[in-house]
Amino acid sequence: MDGAPPLEIHDLTVAYHERPVLWGVDLVVPAGRLVGIVGPNGAGKSTLIKAAMGLLPAASGWVKVFGAPVRQNLRRIGYVPQRESVDWDFPVCVRDVVLMGRYGHVGLMRRPSAQDHAIAQRCMDEVGLLPFADRQIADLSGGQQQRVFLARALAQESDLYFMDEPFSGVDAATESAIIALLQQLKSRGKTILVVHHDLPTAREYFDTLLLLNMRVVAFGPAEEVFTYDLLQKTYGGRLTILSDMADAVSRQSRSP
Amino acid sequence: MTPRRAIALLLACGLLLCTHTAWADRIGDITSTDWREQAWRFVTLADPAVRFALAGSILLGLNCGLLGGFIVVRRMALFGDMLSHAVLPGVALGFLWNMSKDPVAIFVGATLAGLAGAALVGLLRRTTRLKEDTVLGLVLALFFAGGICMVTRIQSLPQGNKSGIDKFLFGQAAALGPGDVQLMAAVTVLALALVCLFYKELLVASFDGAFAASLRLPVAALHFGLLLLLSFAVVVALQAVGVVLVSAMLITPAAAAYLLTDRLHRLLQGAMVMGVLAGVGGAFISFLGTNLPTGPFMVLTASAIFAIVFLFGERRGVLMRWWRRRAQAARVRRENTLKAVFHILESRGLGHVRSVALHELAAHRQGTMATARSEARVLAGHGLATLPAGAESLDLTHEGWQRACEIVRNHRLWEWYLTHQMAIAPDHVHADAENIEHLLGEDAVRQIERALPPSPVDPHGRPIPALGAGRGERTP
Amino acid sequence: MTGLVPPLEWQRVFVEPWAANSTSSAWIVLMGFFATATCGLVGNYLILRRMVLVGDAISHSVLAGIAGAFLLSGSRGSAWMFVGSLAAGIITALLIEAIHRHTRVKQDSAIGIAFTSLFALGVVLISLYGGRVDLDQECVLYGEIANVPVTVEPLPESLSRLAAHVPLLQAEFLWRGVDLVMPPDVLRMALLLMATGALIGVFYKELLVSSFDASLAVSLGIPAAVVHYGIMGILSLVAVSAFEAVGAILVIAMLILPGATAQLLSQRLPVILGLTLLHAALSAVTGLHLGTWLDCSIAGAMVVAGGGWFALAWVFNPREGLLRRVLRSAPRHDAAQPAGGIGSKEHSR
């Protein structure tokens, strides 16, 4: 890789409807890590990855991807959104969705080339979706739908992946398939950040953990970070003041 | 409160009806165009047509406001639009019943058509993958087009008295007859009575249908009842407002009331008042000219009311908020000046002297003398400092000093909180504290103090002033 | 109630339109097809993006733009109408934004307030000054598609030169040996259809991905906001062009019906777009005959005919039609599972 870390975040503060949900996040993720982002509900896990990709505006701070602002390096980022974020009745088949992963490379007003189709084909094969390639996406099971998103992210051929709860609502087979895939990506030198909800499995799935609760509580190798103290701080911390002040900020800028 | 006010209005309508005399001519037939004369006729309620129009407008305002409240809080605006367009074929059918504008036939036809539209929406939702908004738009369009076909067909028929059917499209309050108004009154009384009786059930079902179901409330029946009342409201308003714009009379007055209140029952009351205002206002304006449709004027009146509430509303009006925000910004500026004075005094060692030269202030804030002087004047104006005439310095008053201590304390406490408790790097906390210092109230300060081990200094090593010093101007 | 439905005379309903008034019928059908097809293409994306209420809003509020443009310019020139309707579209969008942002009134009510205000304003302007600009309330409601051929006039120089380069649209139109200049309304609508089709073709994948998953689109570098406002702008243009033919309110029917029918029949977007065109053509032709038969508004009849085709698709659709559902669930009641499966249940709210 090219020296610069895949993801560098400095003093990132993000507000949702003027209400701050993340305060002063500092983060440098080295290449080739499989990072689990863990924290309680409302801790700002999804917000963090969305802000890192520039999908949400930052109130302060900056994000660099491979040493350049996100906008310039969007093509090196792959994204797996939450499964609930799209309409599964949308009239597209599995192949169409996977092909969307190539759109960033195809360029404005162009059609995907034969090569793009070949890549999409390969990615569907990798996640075992080839038999369903021409199915409408509503006719898939939850686990298969999640795999469609994974295949699409693979088709993006990125170096840095953001995944928002890829394990939610999938069957055991898909879960282990996803883990295998993540490991494989990692062995190819990719960097992956995964928002994860399930604390017990977090330690075995990821080599690095980011404990998040409105701010970074800890970031480091899983075995070092996964301690009672730090988890207590993440899940049981007294944050009433912080959320009270967040409410005050939002009241001040919205209603008065 | 609601019922009493509403009953008073209903009585007024009844009085209007009782005074009706035999010579009933319609506003549409009057050729006079002098608007002053027309306005006088309207205000004096001289002729029965005016009285019917007025009574009708009041009734429709009550009815639409009451049910519109539910539309707005249940996010059913498109549903209201669908319902109001879907009644058109029913109007045409009712008209065809005996080829005349028979209020009861039209009422029945239109209500049936509205319910048929709602039923079709339900059926399509259950049996297709189409989304709710698509289905609503589809049914709206289909029924309206069917209605248009029937209306144009009726107009091309050779026999019958066809006058009046076109009035259903844009509304003509002046075309209301005694039969219409009696029907409207009956429906309004029914709607008011039902909403009052089932108020708490409707409230629960509107807010949280699943919870209502868990209470074993008949949610489906409530929904159907509301739907029926809604169709009634649409049908009642039809003749005065017209098919095309009834949905506005449902939405706009209720939305205006929603801006003013937090509670559903007040929202319903407010929506009824605004609905009546819009109805009467629209009827009055359209009466000034000849042959003007009533509906658009009622809708524009409602929109004007909404705009007034939107801009000048006491608590949430845009102008009021802008004004309050300005006041807040001014306070933040004052507090920043105080903070600067504190910093200057602190750099001197915090003696008992509370006096700072204006050029020092200007230098510290990197501004000009002129800005420093005007800032000092603002402080003086708020009793936070004195500015001796001719002197080039300002003296903080006791209050000003306390406030300055408070601000600096808030700032440093917050920095200390962020770095200590939140483990945020010390170089990240200043910008945040700049914002929070103006917002921290006494409660929050005490909370932070309880949560933190006491520290005499902030993360940058500067002392945190004691809270006892500050008992002055408070954050509101 | 007698006489509402006249007898279905084969000669009068199906033959005469093409024998006696062939040119006029042809123009009516073409105009209906162009208008419905253009609206339908745009409407597909409205349906997919759940923007049907926005479509309803824009198609209503162009009326204020048209009325205002007439009053200011004193002419019915199409340039003024486009400017006026675009302005009305922008004002609607701004009003919705202002109400939605500054108050807790929800989006749907905000849309309802904004467009009904503008529509009411348009109706008031027309009823006050309508005589001056040859517009009336009827025209607002159901357009004058039946009068299209009457307005035949020489094309403006620029338009006819443009048309000469488009092979399908030779300004000189030969119909049963009669030379006829294409009515400008029809020509304009045809050009708009082609422009819309071309835009959809060129930006197919941008439209697809931003409609399916807006956040993915942004993360791919596709500006979803630009796409959104582009659709709104085209919607304004389409609504104002269709206004002459079908009036302000039936536009919503033409926006939704073809797309909804097509989306019942297929789950592939390219097929859906094709079916949209087919539905537009079918409803234009059948609408003409229905209107002739019942002697009513032809624009209304076209929509009703389109509704008929929708109903056919709904009932007889081989994959998940109503009939199939009934047949399938008849032997076993618990088998009435919708074919949409997982997705359709999850998104039912």
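Predicted model only: the values in this text are computed from it and were never measured.

Draft legend 1. Just the environment of B:Met249, in detail. With respect to the helices and strands, the residue B:Met249 is situated in helix α13 (residues 246-260). In this structure the C-alpha to C-alpha distance between B:Met249 and B:Asn63, which are 186 residues apart in sequence, comes to 9.6 Å.

Draft legend 2. Quick look at the sheet that holds strand β1 (residues 7-16) of chain A. All names here are of chain A. Across the sheet, four strands lie side by side as β2-β1-β4-β5; this open sheet has antiparallel pairing. Across the chains shown, the open sheet's two edge strands, defined by having one partner strand only, are β2 (19-29) and β5 (68-69). Sheet analysis places β1 next to β2, joined by seven bridges and oriented antiparallel. Across the sheet, residue Leu7 finds its bridge partner in β2, namely Val29. Along the sheet face, helix α1 (residues 45-52) touches β1, β2 and β4 (58-65) and points at about 115° away from the line of β1.

Draft legend 3. Spatial organisation of the packing of aromatic side chains. One pass over the structure, following the stated rule, counts 10 aromatic pairs over all chains. Ring geometry for A:Trp88 and A:Phe149: centres 5.3 Å apart, planes at 45°, overall tilted. With A:Trp88 in the loop between β6 (77-80) and α2 (94-100) and A:Phe149 in helix α5 (residues 142-155), this residue pair connects regions lying 61 residues apart in the sequence. Like A:Trp88, the residue A:Phe149 is buried in the burial classification. Ring geometry for B:Phe107 versus B:Phe232: centroids 5.2 Å apart, planes at 35°, classification tilted. Taken together, the positions of B:Phe107 in helix α6 (residues 103-127) and B:Phe232 in helix α12 (residues 219-241) put the pair 125 residues apart, joining distant regions of the chain.

Draft legend 4. Quick look at the side chain of B:Lys131. Structurally, B:Lys131 is set in the loop between α6 and α7 (132-156). By relative accessible area, B:Lys131 is classed as buried at 9%. One polar contact links B:Lys131 to A:Asp89, side chain to side chain, over a distance of 3.1 Å. Excluding residues that lie within four positions of it along the chain, B:Lys131 makes contacts with A:Asp87, A:Asp89, B:Arg125 and C:Arg50.

Draft legend 5. Fine view of a nonpolar patch on the surface. All names here are of chain B. Residues Ile308, Leu311, Phe312, Leu319, Trp322 and Trp323 make up a contiguous nonpolar surface patch of about 650 Å² in total accessible area. Only α15 (295-312) and α16 (318-348) provide two or more residues apiece to the nonpolar patch. Positionally, Leu311 belongs in helix α15. Residue classification places Leu311 among the partly exposed residues on the basis of a relative accessible area of 31%.

Draft legend 6. Representation of the sheet that holds strand β2 (residues 385-386) of chain B. Residues and elements named next belong to chain B. With antiparallel pairing, the three strands of this open sheet are ordered in space as β1-β3-β2. The open sheet has two edge strands, β1 (355-357) and β2, and neither has a second partner. Looking at chain direction, β1 and strand β3 (residues 393-396) are connected through three bridges and run antiparallel. Bridge pairing in β3 links Ala357 to Ser393.

About the thresholds
- Residues numbered from 1 in each chain as written.
- Chains lettered and ligands numbered in written order.
- Predicted model: local features only at pLDDT ≥ 70, side-chain atom pairs only at ≥ 80, totals over all residues.
- Heavy atoms only, no water.
- Helix = DSSP H or I, 4+ residues; strand = E, 2+ residues; numbered from the N terminus.
- Pairing = 2+ DSSP bridges.
- Contact = heavy atoms within 4.5 Å.
- Axes fitted to C-alpha atoms, helices over the stretch in contact; angles between N-to-C directions.
- Phe/Tyr/Trp six-rings, centres within 6.5 Å; stacked < 30°, edge-to-face > 60°.
- Buried < 20%, exposed > 50% of the residue type's maximum accessible area, 1.4 Å probe, protein only.
- Polar contact = N/O pair within 3.5 Å; in protein donor to acceptor, adjacent residues only side chain to side chain.
- Patch = residues over 30% accessible without salt bridge, like charges linked within 9 Å, V, L, I, M, F, W, Y side chains within 5 Å.
- Areas by Shrake-Rupley, 256 points an atom, 1.4 Å probe, with all protein chains shown as cover.
- Salt bridge = Lys/Arg side-chain N within 4 Å of Asp/Glu carboxyl O.

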